[in-house]
Structures are given as structure tokens and as C-alpha cells.
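Observations on the model geometry
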Amino acid sequence: DAGVIQSPRHEVTEMGQEVTLRCKPISGHDYLFWYRQTMMRGLELLIYFNNNVPIDDSGMPEDRFSAKMPNASFSTLKIQPSEPRDSAVYFCASSPRQNTEAFFGQGTRLTVV
Amino acid sequence: AQSVTQLGSHVSVSEGALVLLRCNYSSSVPPYLFWYVQYPNQGLQLLLKYTSAATLVKGINGFEAEFKKSETSFHLTKPSAHMSDAAEYFCAVSNKAGTALIFGKGTTLSVSS
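Overview of the structure. This structure is a prediction, so every number in the text was calculated from the model and none was measured.

1. Concerning unusual backbone geometry
A cis amide bond, omega -10°, links A:Ser7 with the succeeding residue A:Pro8. In this fold, A:Pro8 is placed in the loop between strand S1 (5-7) and strand S2 (10-13). In this model, A:Asn51 sits at a positive phi of 50°, which is unusual for a non-glycine residue. Residue position: A:Asn51 is located in the loop between strand S5 (42-50) and strand S6 (53-56). Phi angles above zero are rare outside glycine, and B:Asn61 is one such case at about 60°. Within the secondary structure, B:Asn61 is located in the loop between strand S6 (56-58) and strand S7 (64-68). The exposure class assigned to B:Asn61 is partly exposed, which follows from its relative accessible area of 42%.

2. Digging into the environment of A:Arg36
Residue and element names in this part refer to chain A. As for its position among the elements, Arg36 is in strand S4 (residues 31-38). For the pair formed by Arg36 and Asp86, sequence separation is 50 residues and the distance between their alpha carbons is 9.3 Å. Those residues in contact with Arg36, other than ones at most four positions away along the chain, are Gly42, Leu43, Glu44, Leu46, Pro61, Phe65, Ala88, Val89 and Tyr90.

3. A closer look at the interface of chain B and chain A
Facing the 21 residues of chain B at the interface are 20 residues of chain A. Of the roughly 1,700 Å² buried between chain B and chain A, counting both surfaces, carbon and sulfur atoms make up 49%. It is B:Leu44, B:Thr99 and B:Phe103 that lose the most area in chain B upon contact with chain A, and together they represent 27% of the buried surface on that side. Joining chain B to chain A, the criterion identifies 1 salt bridge. Residue B:Lys49 pairs with A:Glu101 through a salt bridge whose shortest N-O separation is 2.7 Å. At the boundary of chain B with chain A, the tally comes to 11 residue pairs in polar contact (both at pLDDT 80 or more). Elements represented by at least two residues in the side of chain B that touches chain A include exactly strand S4 (33-38), strand S5 (44-50), strand S9 (87-94) and strand S10 (101-103) of chain B. When grouped by side-chain class, the residues that make up the side of chain B that touches chain A number 10 nonpolar, 9 polar and 2 charged.

4. Re the sheet that holds S7(B)
Sheets are built from strands that pair by backbone hydrogen bonding, the pairs being arranged parallel or antiparallel. Residue and element names in this part refer to chain B. With respect to topology, 5 strands assemble into an open sheet ordered S1-S3-S8-S7-S6, the strand pairing being antiparallel. Two strands in the sheet have a free side with no partner beyond their single neighbour: strand S1 (3-7) and S6. This sheet shows a mean twist of 20° between the axes of neighbouring strands, independent of strand direction. When S6 meets S7, the two strands line up antiparallel, connected through 3 bridges.

About the criteria used
Residues numbered from 1 in each chain as written. Chains lettered and ligands numbered in written order. Predicted model: local features only at pLDDT ≥ 70, side-chain atom pairs only at ≥ 80, totals over all residues. Heavy atoms only, no water. Helix = DSSP H or I, 4+ residues; strand = E, 2+ residues; numbered from the N terminus. Buried < 20%, exposed > 50% of the residue type's maximum accessible area, 1.4 Å probe, protein only. Contact = heavy atoms within 4.5 Å. Buried area = accessible area lost by both parts, 1.4 Å probe. Salt bridge = Lys/Arg side-chain N within 4 Å of Asp/Glu carboxyl O. Polar contact = N/O pair within 3.5 Å; in protein donor to acceptor, adjacent residues only side chain to side chain. Nonpolar A, V, L, I, M, F, W, Y, C, P; charged D, E, K, R; others polar. Pairing = 2+ DSSP bridges. Axes fitted to C-alpha atoms, helices over the stretch in contact; angles between N-to-C directions.

Below, the structure written as C-alpha cells:
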């Protein structure tokens, strides 16, 4: 398997624009996670899915953030409208079951100017 | 709530010296614990995991960690540092349901020649 695949790797956008980050998890994994990494706050769990169903979105910072998982092989994280404080590295990860490790993608570095 | 605390945001060692990165956890249930490594501009890679099978856990690249319930610790060690070990290291604990990982703030390891 190619691992967790994220796109794009880098995104630069202007404040107010819509941003969509994409993720393809490892085939057969039941859990999918979105994390955000910043210098100030470290790695924060934004939302996670189990079998395509959102389980906990308490980490989503504001209503400007939304995530979907229309099928087992694809998920999106959308920010609309984007703000400079959203600049961060966003990671997608997947896991095959409970109480085991998560496998991370390479991340998307988002810069909002 | 489940949490981990990594003591020391930066650790510097000489090549060949012992590496010790500290992690203390808080958990209301028997914990599942993990150490990850992150190289610049990359995703997180699993080093090792504790899942209650053995208190001394061996991982990749010569790293190991010991689970000490009495001290609520899971410190990461390596007998002899190599230049290629320079990276950021994250300790993580499973949430109460075992369905997601909660990460510490990370420790940056520098290795000098």
C-alpha cells in the first residue's frame, strides 16, 4: 500500500478564499483522523471518523471548518472562509482498529496570506 | 481526561551519548502509549508502542521505552545517539475509548558531533 496520501502538499491562498484539503487513507483502515500542527499548539486532533461516520468533531476550531468522508477511500477538510491564523500543517492519518497506532500522511502545509 | 506531558521541549546530546526523552501520562483507564518521530517536512512515523504485553518495548532505530505504572511514565531511550536521530519526537496516549491518539507537545532532539 502507498500509505496515507494527502493533496496538495503545499497550498498558499488569500484570506477569505475557500480551501479544500484531501486525503486517501490506507485501504481497509476503519478510522480516519485530521490533525493540525502549529508551533504554538502542537498537534491537535480536529475530527475523526469511524467507518465514514464522524465520531468526534470537538476539536474543530470554528464553523468555518468542515470535514466529510463520502466513502472509505476519501476524505476532505474544508475551510471557508480561510484566515491567516489557519496557517498550519494539516495531517491526515488512518488506523485499522481501536487501541493501535495511526499511520500519517506527509501533511499539507497551508499558508493563508 | 487522557493526556501526556513531555518534559523538555529541546534536548541536546553529543553523538554517541545516551538519549533520554521524558513522557508522563495521565489516564483513567489502562493506557496504550506510543512514541513517534517526525523529520523535517515529513509526517509522523511510529517508533514503538506499549499495548500492555511487556513493560520494556523495543522499537525501530535502536530506541526503546519502559512503561512504569508507579511513575506514570513512558520515557524513550537510546544508548548511543547518531546524527541521523536529530528530529522531533512525540509521545501519545489513546483516548479513553481507544479510538484516537492524544499527542504531547513534542521534544526536539539535537545531536552534535
